[in-house]
Structure formats: C-alpha cells, structure tokens
Amino acid sequence: MCGIVGYTGRQEATPIILDGLKRLEYRGYDSAGICTLNNGHAETRRSEGKLINLENLLAKEPIAGAIGIGHTRWATHGRPSEINAHPHQAGPVVVVHNGIIENYLQLREELRAAHHTFKSETDTEVIAHLVEKKLREGGDFEKAVRQALGELRGAYAVCILCETEPGTMIAAKQGSPMVIGLGDEEFFVASDIPAILSHTREMIFMEDGEMAIFRNNKPVFSTVAGAPLTKNSRHIDWSPLMAEKGGYKHFMLKEIFEQPRAISDTIAGRLLEEEGDVYLESLSLPDGELKKVERICIIACGTSWHAGLVGKFLLEEHCRIPVEVDIASEFRYRNPVVNDRTLIILISQSGETADTLAAMREGKARGGKNVAICNVVDSSIAREADGVVYTHAGPEIGVASTKHSSPSW
Ligand code: HGA
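Structural notes, computed from the coordinates. (Residues numbered from 1 in each chain as written. Predicted model: local features only at pLDDT ≥ 70, side-chain atom pairs only at ≥ 80, totals over all residues. Heavy atoms only, no water.)

1. Focus: the overall build of the protein
Here's step 1: When you go through the protein residue by residue, the secondary structure sums to 13 helices and 21 strands.
Here's step 2: The C-alpha radius of gyration of the protein comes to 23 Å, within 12% of the 22 Å expected for a compact globule of 409 residues.
Here's step 3: Oriented by its inertia axes, the alpha-carbon framework of the protein measures out at about 70 × 60 × 45 Å.
Here's step 4: For the protein, the proportion of its 409 residues judged to be buried stands at 53%.
Here's step 5: Counting every atom, the protein has about 18,600 Å² of accessible surface; 53% of that belongs to carbon and sulfur.
Here's step 6: Of the side-chain charges in the protein, 44 are positive and 56 negative, and the distance between the mean point of each set is 2 Å. (Helix = DSSP H or I, 4+ residues; strand = E, 2+ residues; numbered from the N terminus. Rg over C-alpha atoms; globule rule 2.2 N^0.38 Å. Buried < 20%, exposed > 50% of the residue type's maximum accessible area, 1.4 Å probe, protein only. Areas by Shrake-Rupley, 256 points an atom, 1.4 Å probe, with all protein chains shown as cover. Lys, Arg positive; Asp, Glu negative; His and termini not counted. Charge placed at Lys NZ, Arg CZ, Asp CG, Glu CD.)

This is how it looks when you write it as structure tokens:
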C-alpha cells in the first residue's frame, strides 16, 4: 500500500507531512522518510521501522523548508530497510511512490547501461533515475516527469521534487489513490483523505493518467500526456474516524471491499499476456527443478489453508500433478512423506505463522523444495524459504481471516 504526503505553501512542511504520515501509517510501517527543499537543497531523513523512528531522527537532525514530500512504506520490492526507504533521489530529483512499477527490471538495466548507479533494491528508484536522465537530455522538470512517466508500466501515485526547480512539486497517478487538498495558497497531496483532513475539507480526487503541477503555490492540472484539465473540488464532511476507514463502518469491511484491488496488485507485472508467460521474480526455482516435481504439498493454517484448497484444484487442473493440502500443525507433528521430488508450498499472510514455519523446516530437512506465499516482505518464512511469491495486499488491519463469528454478530 504505502502512504505518500506532499506539501507546498508558506508553513514549515515537516510537521504537516509528519502529521499526515501518522494518519497513513496503517498503509505501511516498514520505514518512513521525508524530504524538504531548503534553498534549493534537498534535505532527506529516512529510517527503518515505524514512523516514531523518523520522528526521533528529525528531533535530533531537523530539516527545514516550505515544500516537501513524505512516505510510509509497505515493502513490495526490496526488504524493509533504511536504504530502501523512500524518498529516493537521483541527481536533483527526489521521489516518493505508492505502487508497483512492472517494467522496473528492464528500465533498471537500461539505466545501468547509461551509467546510473542504484542504491536501493526498489522498483521506485528507477522513477527518480528516469526523470534525472530526461532532465539531462535537455527537458525541464515538467517535461522530464511527463516523459519518464510515459515509460512506466504498472501502478503509481508519485510526488516529485527537483533541486533545480525548488518552487515546484509534481504529483501524478496511475492505478494508486491520490487526493489533493486545497488550502489558502497552500496545497496538500496524499494517498488518502485522513492525512490532510485537519488542514482542509476541499479536495480534488485525481484520476488515472492525471497530473498536478504546483509551481510557486499555484496548481495546474493536466493529463500525464500534457492535455490541460479542469478539476472540480469536493467538500468532504466525513469525521476523521470515518475518513480513516474510507467511509466503511469497520476496517474489516474496507478490507473485504479492497480485495479486487489486492488481487490485481498481486498479479501486476507477473502475468505476461503478450508472451503467454508468468513471471515470479523471487521464485528461485529453475525450470529444471520444477519439472522434477512429482508431488505438491500445500501447507498452511486457517484461512490460508482454505486458500490452499483452491490452489490444489487449480494446480491439479493445470499441472496434472497430485496435490495434498495439509494443516501445518498436523504436518509438523506427523511423519510426512517428503523427498527431493516434493514441492512444498507454504501460505502465510504474515510470514510468521509458527506452525507453518516449523512445517517448512520439517519438509526442508526431508529434502523437499519449498516456496512460500507471503504478504510481508522479509518475514521469517519468506527469508527461510527457497523461493517466495509475495502477495501485494498491503497491511492487514481488520485481520478478517482470523475473526470468528460470535452470537453478538
Ligand atoms: N514498490 C515500492 C512502493 C511500495 C508500495 O507502494 N507498497 O504498497 C516499494 O517497494 O518501495
């Protein structure tokens, strides 16, 4: 998921951005970062883990400036760490991003060939480098951003600053949410309404393919391709609590209705329709190994086990390989039949389910190959598995899968 916040106006940007990030922390808490432009110089602070770590860092090493961008991260590409924390900078260009750039590997190779050096493992960093490349090729900031965004495939909501145009902030979106708050000669950009609701209730909802350029605190709207747009604002009268739940009564309901988005985020960049192929970046099992597989064990607990039953149906239908679905606690305490031609697929949202982790170790000790399906990058199961396929569902708050019905429902 990730949360982004941008501010441009007359006030100090840092407290406004930090406050916004606090209200977006439900969207990700792997790391947080902020960048302000101070006399044309980008001042960035980033830290791993929850926002409080960034606040503590800023208390020791404050930054100043009336224009800035911030980010709270839920890792999709690259483990949770300071080096992978946003904002990412290349030359004068600084970017925060929510989404997944599907063609980042290809772009990164092209940029490396053009002597760009990457510091992080993220897909996001290619955006900063691509804009920088376009700038060097002779465009101004706006033109460089338009050209760079035109080369991206996938989903993004981005907020971008440039040291050489310190009065300008550019925001654009494709597939990830973005709202713009209108203040009195000040403007706010955010992934979600609660981040900016305490500053303004006049909001503009950005649509896919749209861009907002804030130059010297005046906004201009256009499509990413450059066609001018007139955008109307809406008055938001939600209470802050309602806003946090996206208008739903419970986070659980919100998460249920977010399922189509979670599924499309998970598939993004992996189903190559034109090639008729599937690309799973960290499967780490060569085709030769996969071809040796004679039996598949899907191991999980609770709702993940139910998902495994669907997996059995699909795998047997398409691969014609026998599949068993086992509850992790049964598997680990049995004497399971596993050998080097068995593929063990472990499913765990958190990647920390103790029985699933123990079952994985049991299967590994018996020579089985294993692949984990997890939602949390760098979790215990993801780290120990031979290969991993991450779902990109974002953080769970309602934890619908572990709720039990009770008479009061
Ligand atoms: N892909 C980027 C942004 C993360 C995100 O939007 N998560 O939902 C990253 O991994 O840093």
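Now that the structure is up, let's keep going.
2. Some points on helix α1 (residues 13-23)
Here's step 1: Buried residues dominate α1, accounting for eight of its eleven residues.
Here's step 2: Listed in full, the buried residues belonging to α1 are A13, T14, I16, I17, L18, D19, G20 and L21.
Here's step 3: Residues of α1 that are buried make contact with β1 (3-8), β2 (31-38), α2 (51-60), β4 (67-73) and β10 (187-190). (Contact = heavy atoms within 4.5 Å.)

3. Quick notes on the pattern of salt bridges
Here's step 1: According to the stated counting rule, one finds 27 salt bridges in the structure shown.
Here's step 2: Two residues, E142 and R215, come together in a salt bridge whose shortest N-O distance is 2.9 Å. Of this pair, E142 sits in helix α5 (residues 141-150) while R215 is found in strand β12 (residues 210-215), placing the two residues 73 residues apart along the sequence.
Here's step 3: With a shortest N-O distance of 2.8 Å, K173 and D208 are connected by a salt bridge. Of this pair, K173 sits in strand β8 (residues 168-174) while D208 is found in the loop between β11 (202-205) and β12, placing the two residues 35 residues apart along the sequence.
Here's step 4: A relative accessible area of 9% means that K173 is categorised as buried.
Here's step 5: Since its relative accessible area comes to 42%, D208 is described here as partly exposed. (Salt bridge = Lys/Arg side-chain N within 4 Å of Asp/Glu carboxyl O.)

4. Things to note about the pairing of β12
Here's step 1: Among the six residues of β12, five are classified as buried, and the element is accordingly described as predominantly covered.
Here's step 2: When β12 meets strand β13 (residues 218-223), the two strands line up antiparallel, connected through six bridges. Looking at the pairing, F214 lines up with P219 of β13.
Here's step 3: Connecting the antiparallel pair β12 and β13 is a turn made up of two residues, with N216 showing a positive phi of about 45°. (Pairing = 2+ DSSP bridges.)

5. A short note on the side chain of H129
Here's step 1: On the secondary structure map, H129 appears in helix α4 (residues 125-136).
Here's step 2: Within the structure, the side chain of H129 is placed 3.0 Å from the side chain of H116, a separation counted as a polar contact.
Here's step 3: In terms of polar contacts, H129 uses its side chain to reach the backbone carbonyl oxygen of T117, at 3.4 Å.
Here's step 4: Excluding its chain neighbours within four sequence positions, the residues that come into contact with H129 are A90, L111, H116, T117 and F118. (Polar contact = N/O pair within 3.5 Å; in protein donor to acceptor, adjacent residues only side chain to side chain.)

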